[in-house]
Amino acid sequence: MLEIKNVTKKFGELTAVNNLSFTVEKGQVFGIAGPNGAGKSTLYNLITGLYPFEGSIKFEGKEIRGFPSHKIAKLGIARTFQIPQTFPSLTVKKSIAIGNYFGSDAEFDPAYVDEILKFVNLYDKQDEKTGQLKLLDKKMLMIAAALGTRPKILMLDEPMAGSNSKEILSLMELIKRINQDMGITIIIIEHFMKVLTELTSKLLIIETGTEICCGDPNDVTSDSRVIECYLGD
Ligand code: ADP
Ligand code: MG
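Computed from a predicted model, the values in this text were never measured in an experiment. (Residues numbered from 1 in each chain as written. Chains lettered and ligands numbered in written order. Predicted model: local features only at pLDDT ≥ 70, side-chain atom pairs only at ≥ 80, totals over all residues.)

Draft legend 1. Quick peek at the overall build of the chain. The helix and strand tally for the chain stands at 9 helices and 10 strands. In summary, the chain has a C-alpha radius of gyration of 17 Å against a globular reference of 17 Å for 233 residues, a match within 12%. Its C-alpha atoms give the chain principal-axis dimensions of roughly 50 × 40 × 30 Å. Across the 233 residues in the chain, those meeting the buried criterion constitute 40%. (Helix = DSSP H or I, 4+ residues; strand = E, 2+ residues; numbered from the N terminus. Rg over C-alpha atoms; globule rule 2.2 N^0.38 Å. Buried ≥ 20, exposed ≤ 12 C-beta atoms within 10 Å, placed from the backbone.)

So this is what it looks like as structure tokens:
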């Protein structure tokens, strides 16, 4: 579904992403981990068309390098950001509706917005202003707004950050349902190894923009190179 090939991104002297290649299969939950500054969020920025880069990114067999972000969104690639960013004075329902209106080529569909509200357990809070939501609900809303675009692939950037263990379980349950019930392919950047081994079927570890290893999450997390790069963090 998504094919990253020899992708490199330099910011001046700094190589943030260094010759990365990997493939995400349809229906998969694909994990990405690595120390702070490894280039994980930059990789998302490249996939979603924020910066120019060297190499190739193909989505459903079609080269998307050079496409503007809105066009990439309409092809079916959605993402969330590390820090939840909402429009504080907008209601929960309108925030999801905006995603549905701008992100998808399909007709605006109020029934779909209701479906998403129920799916993320925000139906009862649909008229609340997003600025009043607690962190977990804000995170749910960010995921809901991304789902509003009817994505084929959803890219989550450290969705568990700042959450307690109960909230982590709720988010994990939601991510599983998005993958299994909605049939959406998922890429997840996460620090918690337990979350990654539980959710993903393939895990890529990067450090200073470079692949350390990639494969079955249980093999990857017990790899000495990975343990070393985490202890060094
Ligand atoms: P991660 O998400 O893995 O913590 P990032 O992708 O945010 O890492 O950053 C990777 C490296 O690229 C860091 O050294 C960061 O400072 C640098 N970087 C990220 N975005 C920019 C930018 N827009 N301009 C310059 N340097 C950047
Ligand atoms: Mg990051």
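Draft legend 2. Representation of the site of ligand 1. The immediate surroundings of ligand 1 are formed by Phe11, Leu14, Ala16, Gly34, Asn36, Gly37, Ala38, Gly39, Lys40, Ser41 and Thr42. Elements represented by at least two residues in the shell around ligand 1 include exactly strand 2 (14-24) and helix 1 (40-47). Per-element tally for the shell around ligand 1: the top contributor is helix 1, with 3 residues. Grouping the constituent residues of the shell around ligand 1 by class yields 4 nonpolar, 6 polar and 1 charged. (Near = placed C-beta within 6 Å. Nonpolar A, V, L, I, M, F, W, Y, C, P; charged D, E, K, R; others polar.)

Draft legend 3. Representation of the environment of isoleucine 168. Within the secondary structure layout, isoleucine 168 lies in helix 6 (residues 165-180). Between the C-alpha atom of isoleucine 168 and that of glutamine 85, which follows or precedes it by 83 residues, the distance is 19 Å. When neighbours within four sequence positions are excluded, isoleucine 168 is seen to be in contact with Met160, Ser163 and Val195. (Contact = placed C-beta atoms within 7 Å.)

Draft legend 4. Main features of helix 1. Three or more residues of helix 1 are buried, namely Lys40, Leu43, Tyr44, Leu46 and Ile47. Taken around the axis of helix 1, the buried residues stretch over an arc of 160°, which confines them to a single face. Positive backbone phi, at 80°, marks glycine 49, one or two positions downstream of helix 1. (Arc of directions from axis to C-beta.)

Draft legend 5. View of the domain arrangement of the chain. What the domain assignment lists for the chain is domain 1 (2-76 + 151-231) and domain 2 (86-150). Summarising the inter-unit geometry, the C-alpha centres of domain 1 and domain 2 are found 23 Å apart. The interface of domain 1 with domain 2 comprises 11 residues on the first partner and 13 residues on the second. Breaking the side of domain 1 that touches domain 2 down by element, the ones donating at least two residues are helix 2 (69-75) and helix 6. For the side of domain 1 that touches domain 2, a count of residues per class yields 6 nonpolar, 3 polar and 2 charged. (Domains from an automatic or database assignment.)

Draft legend 6. View of the pairing of strand 9 (residues 202-207). Burial runs high along strand 9: 5 of the 6 residues are buried. Of the strand pairs in this sheet, strand 3 (residues 29-33) and strand 9 are connected by 4 bridges, and their pairing is parallel. Its bridge partner lying in strand 9, isoleucine 32 is registered against leucine 204. Across 5 bridges, the pairing between strand 9 and strand 10 (residues 210-215) is antiparallel. Bridge pairing in strand 10 places leucine 204 opposite cysteine 214. The hairpin formed by strand 9 and strand 10 contains 2 residues between the paired strands, and threonine 208 there has a positive phi angle of roughly 40°. (Pairing = 2+ DSSP bridges.)

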